[in-house]
Amino acid sequence: MIHMGIGYDVHRLVEGRKLVLGGVDLHHTKGLDGHSDADVVMHAICDALLGALGESDIGHYFPNTDSRWRNVASKVFLQEAARLVALRGGRIVNVDCTVIAQTPKIAPFIHAMKGNISTALEIHPARVGVKATTNEGLGFLGREEGIAAMAVAGLELPT
Ligand code: MG
């Protein structure tokens, strides 16, 4: 059976933090604030995978009240989600993500992001989609107050 999951994440853009998306440091003037590295791409994909499993969300598995996850690289969350899929005897069919960022330009980093995501999930890069859009200057994303990401995941799970 194919199971679909959806994920969404947003973090605030602040001074003095690295901007890490899909495990890539974009060397931007601002970065995303958060307990971990605040990688919205990996967080959204993690939630999509957990959703496809019918599990609780990323905040349940990796609460920001737990010092173990402070400044941790978010690939750890993806590795854990992939482990949960394997525990259920499942297989990741694909994951797909859209980054919503007014700046910086995401396109030059997409290849590297796909590489990091596919490595963390132990799937072929062709099973990973990463796209980006601006928010056309509208709202908090358009004002560069934050960066958001949405994702879907497809799993093959035993019936
Ligand atoms: Mg998050």
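Residues numbered from 1 in each chain as written. Predicted model: local features only at pLDDT ≥ 70, side-chain atom pairs only at ≥ 80, totals over all residues. Heavy atoms only, no water.

This paragraph deals with the side chain of H43. Its place among the elements puts H43 in helix 1 (residues 40–52). When neighbours within four sequence positions are excluded, H43 is seen to be in contact with D9, H11, S36, D37, A38, I58, S74 and F77. (Helix = DSSP H or I, 4+ residues; strand = E, 2+ residues; numbered from the N terminus. Contact = heavy atoms within 4.5 Å.)

On to helix 3 (residues 75–87). Quick reminder: α-helices carry 3.6 residues per turn. Residues three or four places apart thus point the same way. Over its 13 residues, helix 3 runs 18 Å from end to end, which matches the ideal 18 Å to within 8%, given 1.5 Å per residue. Looking at the buried positions of helix 3, the neighbouring elements they touch are helix 1, helix 2 (58–61), strand 5 (91–100), helix 4 (110–121) and strand 7 (146–156). Directly after helix 3, the chain includes G89, whose backbone phi takes a positive value near 75 degrees. (Expected span 1.5 Å × (residues − 1).)

Further remarks concern the pattern of salt bridges. Inspection of every chain in the model, using the stated rule, returns 6 salt bridges. Here R68 ties to D66 by a salt bridge, and the two come within 2.9 Å at their closest N and O atoms. (Salt bridge = Lys/Arg side-chain N within 4 Å of Asp/Glu carboxyl O.)

As a further point, take the environment of A52. The residue A52 is located in helix 1 in this model. Residue class for A52 comes out buried when judged on its relative accessible area of 4%. The sequence separation of A52 and R70 amounts to 18 residues, and the corresponding C-alpha distance is 26 Å. (Buried < 20%, exposed > 50% of the residue type's maximum accessible area, 1.4 Å probe, protein only.)

Taken in spatial order, the 5 strands of this open sheet run 4-1-7-5-6, and their pairing is mixed. In this open sheet, the two strands that pair with only one neighbour each are strand 4 (31–32) and strand 6 (128–133). Sitting on the sheet, helix 4 is in contact with strand 5 and strand 6, with an inclination near 145 degrees to strand 6. (Pairing = 2+ DSSP bridges. Axes fitted to C-alpha atoms, helices over the stretch in contact; angles between N-to-C directions.)

A word on the packing of helix 1 against helix 3. Put simply, helix 1 and helix 3 touch, their axes get as near as 9 Å, and they point 15 degrees apart. Viewed along their axes, helix 1 and helix 3 adopt a mutual orientation that is roughly parallel. By crossing handedness, the relation of helix 1 to helix 3 is classed as left-handed. Each of M42, H43, I45, C46, L49 and L50 in helix 1 lies in contact with helix 3, whose residues at this interface are K75, F77, L78, A81 and L84. When grouped by side-chain class, the residues that make up the contact of helix 1 with helix 3 number 9 nonpolar, 1 polar and 1 charged. (Parallel < 35°, antiparallel > 145°, perpendicular 65-115°, else oblique. Left-handed = near helix turned anticlockwise from the far one by under 90°. Nonpolar A, V, L, I, M, F, W, Y, C, P; charged D, E, K, R; others polar.)

Applying the stated criterion to the full structure yields 4 aromatic pairs. Between F62 and F77 the ring centres are 4.3 Å apart and the planes differ by 35 degrees, which places this aromatic pair in the tilted class. With a gap of 15 residues between them, F62 in the loop between helix 2 and helix 3 and F77 in helix 3 connect regions that are remote in the sequence. Residue class for F62 comes out buried when judged on its relative accessible area of 11%. The exposure class of F77 is buried, given its relative accessible area of 3%. Note on W69 and F77: the rings are 5.9 Å apart at their centroids and 70 degrees apart in plane angle, and the pair reads as edge-to-face. (Phe/Tyr/Trp six-rings, centres within 6.5 Å; stacked < 30°, edge-to-face > 60°.)

The next thing to look at is the nonpolar core. Looking at soluble globular proteins, one finds that nonpolar side chains tend to be buried together. L21, I45, L49, I117 and L121 are the most contacted members of the largest nonpolar core, which has 48 residues in total. A per-element tally of this core places helix 1 first, with 10 residues. Discounting residues that sit within four places of it in the chain, I45 has contacts with L78, V95, C97, I117, L121 and A151. (Core = buried A, V, L, I, M, F, W, Y, C linked by side-chain atoms within 4.5 Å.)

What follows is about unusual backbone geometry. T103 connects to P104 through a cis peptide bond whose omega is -10 degrees. Topologically, P104 is positioned in the loop between strand 5 and helix 4. Here A38, not a glycine, exhibits a phi torsion of approximately 60 degrees, which is positive. A positive phi angle is found at E144, which is not glycine, with a value near 60 degrees. Here E144 is to be found in the loop between helix 5 (139–142) and strand 7.

The quantities given are spatial measurements derived from coordinates; they are silent on function.
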